[in-house]
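Coordinates in review
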Amino acid sequence: MKAQNEQRTGLLYGFGAYGMWGLVPLFWPLLMPAGAVEILAHRMTWSLAVVGLALLAVRRWGWIRELLRQPRKLGLTALAASVISVNWGLYIWSVNNGHVVESSLGYFINPLVSIAMGVLVLGERLRRAQWVAVGLSFVAVLVLAIGYGRPPWISLVLACSFATYGLIKKKLNMGGLESLAAETAMLFLPALGYLLWLGAQGQSSFTSQGVGHALLLAATGLVTAIPLVLFGAAAIRVPLSTLGLLQYMAPVFQFGLGVLYFHEAMPPERWAGFSLVWAALALLTWDALRTARRSRTRLSAAPVVAPAPAREPA
């Protein structure tokens, strides 16, 4: 009963995290007339403040000393911070410039890009269904490139940057709260310096658009940290396969908002491209569930070997 309650709670946390990530396109336009770089700088600055308060509440500081003693880990953290700042900045820009549907495609194809990176970087071997899924996604990108009249570069950069971020995080092996704190700490001074420079130039919307606008910019820290904390709480309570299925919530919400709320165009060739991506993801999901079921069956069928009796001392 306790395990079921834990899993139910974990599902609620997961729905909360991916639901917030899926609805965030409604938030970024509220921050205009601030530009994407100014919003990104505020997000970096206020995220550190929120995460710092969270760490203060849980009194978790020992990891800082350990991180500072490992130059390689520090370098990977700096690389992760750089990659996620590209992802965040481009996503904010794309939403505020009418590319919500194209940005949602980036997160649809992200699992497929991650698989391709696993092959190219980690030397992982793919099952046949995974190869077919990757091939379908490649054809989808070609179809969408024809439809857009250009490669869907927003989608590709978002997918590749987030997949790269995930690969670095895997190597770092740090907790969500700690890694966000380390990354935002590295980004804090450049972000704060940029905001101070904007203020000195008289171009800062934080000081010129009223208290409400300033509070919305400060809320970027909460918008960044809350879903991450919910995700961390979900990850320790539900199976990884369930979490993998929940991740599709965010791009589904983003796609729906792009088409139904922001009324972005979806000509037939874009529907064709997205349909190929969805077919690839359906195949990938089916293969993952089938593999997990087979693994459970093999484990349950394996004979239990009784421990050898202890020998009497001579």
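What this report covers is the structure whose coordinates are included nearby. (Residues numbered from 1 in each chain as written. Predicted model: local features only at pLDDT ≥ 70, side-chain atom pairs only at ≥ 80, totals over all residues. Heavy atoms only, no water.)

What follows deals with the environment of Val 277. In this structure, Val 277 sits in helix H14 (residues 268-301). For Val 277, a relative accessible area of 1% translates into the label buried. Once the C-alpha coordinates of Val 277 and Glu 102 are considered, the two residues, 175 residues apart in sequence, prove to be 13 Å apart. Apart from residues no more than four positions distant in its own chain, Val 277 is found in contact with Leu 105, Phe 108, Ile 109 and Ala 140. (Helix = DSSP H or I, 4+ residues; strand = E, 2+ residues; numbered from the N terminus. Buried < 20%, exposed > 50% of the residue type's maximum accessible area, 1.4 Å probe, protein only. Contact = heavy atoms within 4.5 Å.)

Summed over the entire model, instances satisfying the criterion amount to 3 salt bridges. A salt bridge links Asp 287 to Arg 127; its shortest N-O distance comes to 2.8 Å. Of this pair, Asp 287 sits in helix H14 while Arg 127 sits in the loop between helix H5 (100-120) and helix H6 (128-148), and the two are 160 residues apart along the sequence. For Asp 287, a relative accessible area of 0% puts it in the buried group. (Salt bridge = Lys/Arg side-chain N within 4 Å of Asp/Glu carboxyl O.)

Right, let's talk about the packing of H5 against helix H13 (residues 249-261) for a bit. Running from amino to carboxyl end, H5 crosses H13 at an angle of 165 degrees, the nearest separation of the two axes being 8 Å. The pairing of H5 with H13 is recorded here as roughly antiparallel in orientation. Along this stretch, H5 crosses H13, giving a crossing that reads as left-handed. Contacts between H5 and H13 pair Val 100, Val 101, Ser 103, Ser 104, Tyr 107 and Phe 108 from the former with Pro 251, Val 252, Gln 254, Phe 255, Gly 258 and Val 259 from the latter. For the contact of H5 with H13, the residue count by class is 8 nonpolar, 4 polar and no charged. (Axes fitted to C-alpha atoms, helices over the stretch in contact; angles between N-to-C directions. Parallel < 35°, antiparallel > 145°, perpendicular 65-115°, else oblique. Left-handed = near helix turned anticlockwise from the far one by under 90°. Nonpolar A, V, L, I, M, F, W, Y, C, P; charged D, E, K, R; others polar.)

Take the packing of aromatic side chains next. Applying the stated rule across the entire model yields 18 aromatic pairs. Geometrically, the ring pair formed by Tyr 18 and Trp 21 is edge-to-face, given 5.4 Å between the ring centres and 70 degrees between the ring planes. Here Tyr 18 and its partner Trp 21 are both found in helix H1 (residues 2-23), 3 residues apart, which amounts to about one turn of the helix. Residue classification places Tyr 18 among the buried residues on the basis of a relative accessible area of 9%. With relative accessibility at 26%, the residue Trp 21 sits in the partly exposed group. Judged by centre distance (6.4 Å) and plane angle (35 degrees), the ring pair of Trp 46 and Phe 206 falls under tilted. A residue pair is termed long-range when its members are at least 10 positions apart, and Trp 46 in helix H2 (residues 36-58) and Phe 206 in helix H9 (residues 205-208) qualify at 160 residues. One aromatic cluster in this structure is built from Phe 108, Phe 255, Trp 271, Phe 274 and Trp 278. In this structure, Arg 43 is placed above the aromatic ring of Trp 88, and the distance from its NZ or CZ to the ring centre is 4.2 Å. (Phe/Tyr/Trp six-rings, centres within 6.5 Å; stacked < 30°, edge-to-face > 60°. Lys NZ or Arg CZ within 6 Å of the ring centre and 35° of its normal.)

Quick look at the packing of helix H8 (residues 176-200) against helix H11 (residues 220-235) now. It is at 10 Å that the axes of H8 and H11 come closest, and there the two elements cross at 155 degrees. Comparing their axes, H11 and H8 come out roughly antiparallel. Residue-level inspection shows Gly 176, Leu 177 and Leu 180 of H8 in contact with H11, the latter providing Thr 224, Ala 225, Leu 228 and Val 229. Looking at side-chain class alone, the contact of H8 with H11 contains 5 nonpolar, 2 polar and no charged residues.

Before going further, it helps to examine the environment of Ser 179. Examined against the element boundaries, Ser 179 turns out to sit in helix H8. On the basis of relative accessibility, which here comes to 2%, the residue Ser 179 falls in the buried class. Taking the C-alpha atoms as reference points, Ser 179 and Trp 63, separated by 116 residues in sequence, lie 9.7 Å from one another. Not counting residues within four places of it along the chain, the set of residues in contact with Ser 179 comprises Lys 169 and Met 174.

Moving on to H8. For H8, spanning 25 residues, the distance from its first C-alpha to its last is 35 Å, which sits close to the expected 36 Å at 1.5 Å a residue. Of all the bends found along H8, the most pronounced is centred on Phe 188 and spans about 40 degrees, while Pro 190, a proline, follows it within four residues. Packing partners of the buried residues in H8 comprise H2, helix H3 (62-68), helix H4 (71-96), helix H7 (153-172) and H11. Directly beyond the C-terminal end of H8, a positive phi value near 75 degrees is found at Gly 202. (Expected span 1.5 Å × (residues − 1). Bend = angle between axes of the 7 residues up to and from the residue.)

Okay, a nonpolar patch on the surface next. Residues Leu 23, Leu 26, Val 252, Phe 253 and Tyr 261 make up a contiguous nonpolar surface patch of roughly 450 Å² in combined accessible area. If you tally residues by element for the nonpolar patch, the top one is H13, at 3 residues. Inspection of the secondary structure assignment puts Val 252 in helix H13. The exposure class assigned to Val 252 is partly exposed, which follows from its relative accessible area of 44%. (Patch = residues over 30% accessible without salt bridge, like charges linked within 9 Å, V, L, I, M, F, W, Y side chains within 5 Å. Areas by Shrake-Rupley, 256 points an atom, 1.4 Å probe, with all protein chains shown as cover.)

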